[in-house]
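# Coordinate analysis (summary)
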Amino acid sequence: MTSEDKAASEDLDRACASGVRRCGFIAILGAPNVGKSTLVNRLVGTKVTIVSPKVQTTRSRVLGIALVGASQVLLVDTPGLFQPRQGGSRRLDQAMVEAAWEGARGADGIALVVDATRKTQEGTDFVVAWLRQHSRRAVLLLNKIDAVDKARLLALTRDLDATGVFTRVFMVSALTGDGVGDVADWLASAVPEGPWLYPEDQASDMPTRMLAAEITREKLFWQLQQELPYSIAVETETWTENADGSIRLEQVIYVEREAQRGIVIGKGGQRIKQVGQLARREIEEILDCRVHLFLFVKIRQKWRDDPGFFRLHGLAFPPRKPSG
Ligand code: GDP
Ligand code: MG
């Protein structure tokens, strides 16, 4: 713990003792796959947003609520920032990037997550340029320190610090939790004084039925190869509480083509069975009760161009840009 961290933690103790509450939004920005969602889950202490080794797992803005002493830190997990591709059905890309900037504009503070293991930092450069342009500063979270050597870390810190847009630098591993406690304390003292905006037992603003659908989507992301995960959407259609306290969930997995349906189902239904088992176990853990999960695969062509999908995910439906 540095002396600054110690001071932050003492401020927090004083705030708790005096009953002064704090609450504010911190936008978590960064390139795809740097560990933003893993970090948000770690700070909240429970899973509120899904994670995978593939880019663009997070599709919309998700709010993770962390309670740290007398502070309620509202963490805005955003889709990664990247250059949206041109043409095709790229509306979703555009809406995701817009959702990320929207999260930043409305926040009290910004945390930029950087993957310390990466050689190039395209998404990071975007954010630095944006911060400069809007005369804003951010806290820098160098993530994945469990997987990188010290010398590289120091060189990267030096380069990023030289941009002059960072107020603080933390080195963390969202995966192991290393250094995350110090970040939590610092964020808790950085949010403004004010009443808590959410009940203290609430961990996210995502409706549970949507989180349940996201968990199934996460399992599909891990199970399926290459481009297919990007063609998939999952929705919880029915949610019934049984007399014995268990819950019956029916979810629809939307794919865009017949061939994709076959891949999702797998030989003899093996793949979907496995996805269902993994998702059910995790949903049971979150809901703390028995769950009966039924998965159906349907074809909905061009769901990525369907305004209803965007609405459901709280994304703005962007007009199609002329291609070329
Ligand atoms: P996001 O796209 O920025 O939200 O990134 P995710 O949270 O989905 O994580 C992307 C990948 O990086 C996943 O495979 C994570 O398990 C992995 N990851 C996240 N944080 C760490 C970390 O601290 N160390 C290592 N080694 N891997 C991490
Ligand atoms: Mg994410």
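Residues numbered from 1 in each chain as written. Chains lettered and ligands numbered in written order. Predicted model: local features only at pLDDT ≥ 70, side-chain atom pairs only at ≥ 80, totals over all residues. Heavy atoms only, no water.

Right, let's get into the site of ligand 1. Contacts to ligand 1 come from 16 residues, most closely from Asn-33, Lys-36, Ser-37, Thr-38 and Asp-146. Here Ser-37 contributes a backbone N or O atom positioned 2.9 Å from an oxygen atom of ligand 1. At 2.7 Å from a nitrogen atom of ligand 1 is found a side-chain nitrogen or oxygen belonging to Asp-146. For ligand 1, the protein covers 88% of the area, taking 590 Å² as the surface of the free molecule. The element that contributes the greatest number of residues to the shell around ligand 1 is helix α2 (residues 36-44), accounting for 3 residues. Broken down by class, the residue content of the shell around ligand 1 amounts to 6 nonpolar, 7 polar and 3 charged. (Near = heavy atom within 4 Å. Polar contact = N/O pair within 3.5 Å; in protein donor to acceptor, adjacent residues only side chain to side chain. Areas by Shrake-Rupley, 256 points an atom, 1.4 Å probe, with all protein chains shown as cover. Helix = DSSP H or I, 4+ residues; strand = E, 2+ residues; numbered from the N terminus. Nonpolar A, V, L, I, M, F, W, Y, C, P; charged D, E, K, R; others polar.)

What follows concerns the sheet that holds strand β8 (residues 247-255). Read across the open sheet, the 3 strands follow the order β7-β8-β9; overall the sheet is mixed. Bordering the open sheet on either side are β7 (233-241) and β9 (291-299), each of which pairs with just one other strand. Geometrically, the sheet is characterised by an average inter-axis angle of 20° between neighbouring strands, direction not taken into account. Relative to β8, β7 runs antiparallel, the two sharing 8 bridges. When the sheet's bridge partners are listed, Thr-236 is paired in β8 with Gln-251. Sheet strands touched by helix α7 (residues 208-223): β7, β8 and β9. Its angle to β7, the strand with the most contacts, is close to 130°. Sheet contacts for helix α8 (residues 258-265): β8 and β9; angle to β9, the most-contacted strand, approximately 155°. (Pairing = 2+ DSSP bridges. Axes fitted to C-alpha atoms, helices over the stretch in contact; angles between N-to-C directions. Contact = heavy atoms within 4.5 Å.)

Next up on the list: the confidence of the model for the protein chain. Chain-level pLDDT for the protein chain is 87 on average; 91% of the residues reach the 70-or-more range. For the protein chain, per-element mean pLDDT is lowest for helix α1 (residues 3-18), which scores 66, and highest for helix α6 (residues 180-190), which scores 97. (pLDDT = per-residue confidence, 0-100.)

For helix α4 (residues 122-133), with 12 residues, the first-to-last C-alpha span of 17 Å sits near the 16 Å given by 1.5 Å per residue. Within α4, the full set of buried residues consists of Gly-123, Thr-124, Val-127, Val-128, Trp-130 and Leu-131. Seen from one end, α4 has its buried residues packed into an arc of 160°, which puts them on one side. Opposite the packed face of α4, turned more than 90 degrees from it, sit the exposed residues Arg-132 and Gln-133. Lining the buried residues of α4 we find β1 (22-30), α3 (91-105), β4 (109-115), β5 (138-143), α5 (150-161) and β6 (166-171). At the exit of α4 stands Ser-135, carrying a positive phi of roughly 50°. (Expected span 1.5 Å × (residues − 1). Buried < 20%, exposed > 50% of the residue type's maximum accessible area, 1.4 Å probe, protein only. Arc of directions from axis to C-beta.)

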